[in-house]
Amino acid sequence: MSTLDWSVLAVYLVVIVAFGVWAGRGNKRIDDFFLAGRQMRWWAVGLSVMATQISAITFVGTTGQAYTDGMRFLVVYFGLPFAMVILCLTLVPFFYRARVFTAYEYLERRFDSRTRTLTSLLFLVSRGLSVGVTLYAPSLVLAVLLGWSEPATILLMGGSTIVYVIYGGNKSVIWTDVVQMAIIWFGIFLCFGVALAQLPEGIHFQDALALAKATGRLRIMDTSPSLTTPYTLWSGLIAGLFLMLSYFGCDQSQVQRYLSGSSLTQSRLSLLFNAFLKVPMQFLILLTGVLVFVFYHFHPPPLLWNRVEMARLERQAPPEELAQVKARFERAHAMRRIAAEHYADTRTEVDAQLYRQANTALDGARREATRMIEAIDHTAYNDTNYIFPSYIVSYLPRGLAGLVIAVIFAAAMSTLSGELNSLATASMVDFYKRFVRPAGGDAHELLVSRLLTAGWGGFACLIALQAGRLGSAIEVVNRFGSYFYGSILGVFGLAVLTPRASAIGAFWGLLVGMATVWAVATFTAVHFLWYNMVGALTVFAVGLVLSRAFPPAPATP
Amino acid sequence: MGPKPRNTPSDEQERVPLFGTWPRIYAAVLVCALVVMILIALFSSWNY
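Residues numbered from 1 in each chain as written. Chains lettered and ligands numbered in written order. Predicted model: local features only at pLDDT ≥ 70, side-chain atom pairs only at ≥ 80, totals over all residues.

### Section: the overall build of chain B
For clarity, the cut-off: Only DSSP runs of H or I reaching four residues or more are called helices, and only runs of E reaching two or more are called strands; each is numbered from the N terminus. The burial label depends on the number of other C-beta atoms within 10 Å of a residue's C-beta. Counts of 20 or more mean buried, 12 or fewer mean exposed, and intermediate counts mean partly exposed, with C-beta atoms placed from the backbone.
Scanning chain B from N- to C-terminus turns up two helices and zero strands. Counting all 48 residues of chain B, 12% fall into the buried class.

Right under this line is the structure:
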């Protein structure tokens, strides 16, 4: 990166922290700190909801996925608009009118305290550990890209976010999210435009799409009814609906954003804003990944996208064998370029077939290099997340590369800030204020809220710093998270859809739901997108049966 | 349906922007989502 790029990145970091601190001034009570005084407008909350959801790894991961696998991941978001409407009709009015701080607080009013404690605890465990991954995953990529050490990247990204979240709470989170989302949108359009402009003369946008389509990268609507195939139209529409209902309806990191709206109307509009924009935004991100794929037909791609691993390969692999693989890779790339140009000219099925063969040959040459690095590292190698960042630093014009790296920082920090704020809220409201000191006064509560934010921030950094060693443990925890979000959705379904549901039904239904999802995940090959639906429907059904056997106690007059 | 959330006066007074009523805005979101999906299906299957 050039000096200009470094300057752009430095200016972004300084300005965003200063702006976050400035925007978050004036907190006097925990209502201000956790819910921004319930004064926010729909567009600010809507952008914050969007920014919290789009993490850095979503940004660099999905472009990489579009490069290697195509755009079919887009279907995951197909259920989102429907989920937003359902939430506006069901959970949002209940949360908003109950004047709660956390989604789980509502469950105590509807059922009992142990259901609230269990759901909030599940959120804290899952989100608390995944916040470390939110920090670690982009830091890993950026450290390789920028030539920094991993701890330095983690501490810079985590530390700068913690500063403004501790000071300003949710107000800082929302206003910095607005700025970060604007930067992210600008970055997406910029990358798309640059990738398009860098196609060689004679290759137009239509040709690029024809090439992408010939390799199956534009295939989005897979109508296979299989439950084991990832990213089919049905898994996107049905399982994606449950996934989005669970995430936006039961995850405090999202619920807290829209509870900050100045009215129910504002909260609803913030979600509907996402319903309009999310699918087009994700489409554009994936299409940029596809354009980068076409771009590398006409420019030499690296043998491995992770430059640290490439350097290791060059140091440790047998030189003759590596030279042969490199030569084969370069030949395959040259052949693919010729085949692509032919196909772009003629659009005949014969040339399409030749082009596909050339593409497969290039993939084969890369797989040989992958096998070599796997033999050296004794672990599986996947560099999908490095594709887009590698393109940014190698081919984006001066200044713009720094800006797009700032976009990756923005995506990571916006997710991290929302998660830290929501973790502090659940710890404070669902635990500290109930079990430690129920009436501590505004100043004390504000101080404890800030300490909890600092504590969770420190914990996130600690997990991120240890993530390399905790690798498989983190994967287990993330998998564990997918076991219970759908089940928690089932509990909320019982709470708002039927007056007959009892506390016993909700509590034991939740446990049975989680056990069922675990069994499905362990003993079947069903794709993980379906887990939320399995959990939610099981909890709802079991909860109804148990509620009939153990009906709610009649209300005292 | 379960226990109904109470409407507060401020909820009822606040104007629903652009579409006037909630059913209309929900319908607009769903129609828009379907149109986007149809456009994506066309994009995916188009003969470039």
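### Some points on the overall build of chain A
This is how it is decided: The size measure is the radius of gyration over C-alpha atoms, and the globule rule it meets is 2.2 Å times the number of residues to the 0.38 power. Throughout, a pair of residues is in contact if the C-beta atoms placed from their backbones lie within 7 Å.
Check the secondary structure of chain A and you find 21 helices and zero strands. The C-alpha radius of gyration of chain A comes to 25 Å, within 12% of the 24 Å expected for a compact globule of 557 residues. When its C-alpha atoms are laid out on the principal axes, chain A stretches across 85 × 50 × 45 Å. When each of the 557 residues of chain A is scored for burial, the buried share is 56%. For chain A, restricting intrachain contacts to residue pairs at least 6 apart in sequence, the fraction spanning at least 24 positions comes to 84%.

### Examining the packing of helix 4 (residues 56–69) of chain A against helix 13 (residues 264–295) of chain A
To describe two helices that pack against each other, one gives the angle between their axes and the distance between the axes. All names here are of chain A. Condition: Simply put, an axis is a line fit to the C-alpha atoms, just over the touching stretch for a helix, and the angle between two N-to-C directions goes from 0 to 180 degrees. Geometric relationships in this document are graded by angle, where less than 35 degrees denotes roughly parallel, more than 145 denotes roughly antiparallel, 65 to 115 denotes roughly perpendicular, and other angles denote oblique. Should the near helix be turned counterclockwise from the far one by less than a right angle, the crossing is left-handed, whereas a clockwise turn marks it as right-handed. For this classification, the nonpolar set comprises Ala, Val, Leu, Ile, Met, Phe, Trp, Tyr, Cys and Pro, the charged set comprises Asp, Glu, Lys and Arg, and every other residue, Gly included, is treated as polar.
Taken N-terminus to C-terminus, the directions of helix 4 and helix 13 make an angle of 50°; their axes are 7 Å apart at the nearest point. As the angle between them shows, helix 4 and helix 13 are arranged oblique. Handedness of the helix 4/helix 13 crossing: right-handed. Judged by residue contacts, Phe-59, Thr-62, Thr-63, Gly-64, Gln-65, Ala-66 and Tyr-67 of helix 4 engage Ile-285, Leu-286, Thr-288, Gly-289, Val-290, Val-292 and Phe-293 from helix 13. Classifying every residue of the contact of helix 4 with helix 13 gives eight nonpolar, six polar and no charged.

### Regarding the confidence of the model for chain A
We apply this condition: Per-residue confidence from the prediction method is given by pLDDT, with values spanning 0 to 100.
On average, residues of chain A score 90 in pLDDT, and 97% of them are at 70 or above. Within chain A, the element-level pLDDT minimum falls on helix 19 (residues 442–497) of chain A, averaging 84, and the maximum on helix 5 (residues 80–89) of chain A, averaging 96.

### So, the interface of chain B and chain A
The interface of chain B with chain A comprises 22 residues on the first partner and 31 residues on the second. Listed by contribution, the elements that provide at least two residues to the side of chain B that touches chain A are helix 1 (9–13) and helix 2 (22–45) of chain B. In terms of residue count, helix 2 of chain B provides more of the side of chain B that touches chain A than any other element does, eleven residues in total. Among the residues forming the side of chain B that touches chain A, the class breakdown is 15 nonpolar, four polar and three charged.

### Observations regarding the packing of helix 3 (residues 42–53) of chain A against helix 13 of chain A
Residues and elements named next belong to chain A. Two elements in contact, helix 3 and helix 13, have axes separated by 8 Å at closest approach and are oriented at 50°. By the angle class used here, helix 3 and helix 13 are oblique. Read as a crossing pair, helix 3 and helix 13 show a hand that is right-handed. Residues Trp-42, Trp-43, Val-45, Gly-46, Val-49 and Met-50 of helix 3 touch helix 13, and the partners they reach there are Gln-266, Ser-267, Leu-269, Ser-270, Leu-271, Phe-273, Asn-274, Leu-277 and Lys-278. Considering only residue class, the contact of helix 3 with helix 13 consists of nine nonpolar, five polar and one charged.

### Let's talk about the nonpolar core
Formally: The term nonpolar core refers to a set of buried Ala, Val, Leu, Ile, Met, Phe, Trp, Tyr and Cys residues connected through C-beta atoms within 7 Å.
With 201 residues, the main nonpolar core has Met-84, Leu-271, Val-292, Ala-406 and Ile-408 of chain A as its most contacted residues. Apart from residues no more than four positions distant in its own chain, Ile-408 of chain A is found in contact with Ala-56, Phe-59, Val-60, Pro-138, Leu-142 and Pro-389 of chain A.

### So, the confidence of the model for chain B
Looking at chain B, the pLDDT average stands at 80 and 71% of residues meet or exceed 70. Interface confidence for the predicted complex, given as ipTM, is 0.86, next to a pTM of 0.90.

### Section: helix 17 (residues 384–395) of chain A
Residue and element names in this part refer to chain A. For clarity, the threshold we go by: Working rule for helices: expected span equals 1.5 Å times residues minus one.
The terminal C-alpha atoms of helix 17, which comprises twelve residues, lie 18 Å apart, in line with the 16 Å expected from a rise of 1.5 Å per residue. The complete set of buried residues in helix 17 reads Asn-385, Tyr-386, Ile-387, Phe-388, Pro-389, Ser-390, Tyr-391 and Ile-392. Where the residues of helix 17 are buried, they touch helix 4, helix 8 (113–146), helix 13 and helix 18 (400–436).

### Concerning the environment of Gly-159 of chain A
Mapped onto the fold, Gly-159 of chain A is located in helix 9 (residues 150–197). For the pair Gly-159 of chain A and Gly-457 of chain A, spaced 298 residues apart in the sequence, the C-alpha separation amounts to 7.9 Å.

### A short note on helix 12 (residues 252–259) of chain A
Of all eight residues that make up helix 12 of chain A, eight are buried, and the element is covered over most of its length. Listed as buried for helix 12 of chain A are Gln-252, Ser-253, Gln-254, Val-255, Gln-256, Arg-257, Tyr-258 and Leu-259 of chain A.

### Points about the environment of Tyr-104 of chain A
Residue and element names in this part refer to chain A. Secondary-structure assignment places Tyr-104 in helix 7 (residues 103–110). Taking the C-alpha atoms as reference points, Tyr-104 and Val-75, separated by 29 residues in sequence, lie 30 Å from one another. The contact partners of Tyr-104, leaving out residues within four places of it in the chain, are Arg-116, Thr-119, Ser-120, Phe-123, Ala-426 and Asp-430.

### As for the environment of Tyr-485 of chain A
Residues and elements named next belong to chain A. Assignment of secondary structure puts Tyr-485 in helix 19. Sequence spacing of Tyr-485 and Phe-242 is 243 residues, and the spatial spacing of their C-alpha atoms is 9.6 Å. Beyond its immediate stretch of four places on either side in the chain, Tyr-485 contacts Ser-246, Tyr-247, Cys-250, Asp-251 and Asn-532.

### Focus on unusual backbone geometry
Most peptide bonds take the trans configuration, and most residues that are not glycine carry a negative phi. With a phi angle near 60°, Tyr-231 of chain A is a residue other than glycine that sits in the positive phi range. Note that Tyr-231 of chain A resides in the loop between helix 10 (205–214) and helix 11 (233–250).

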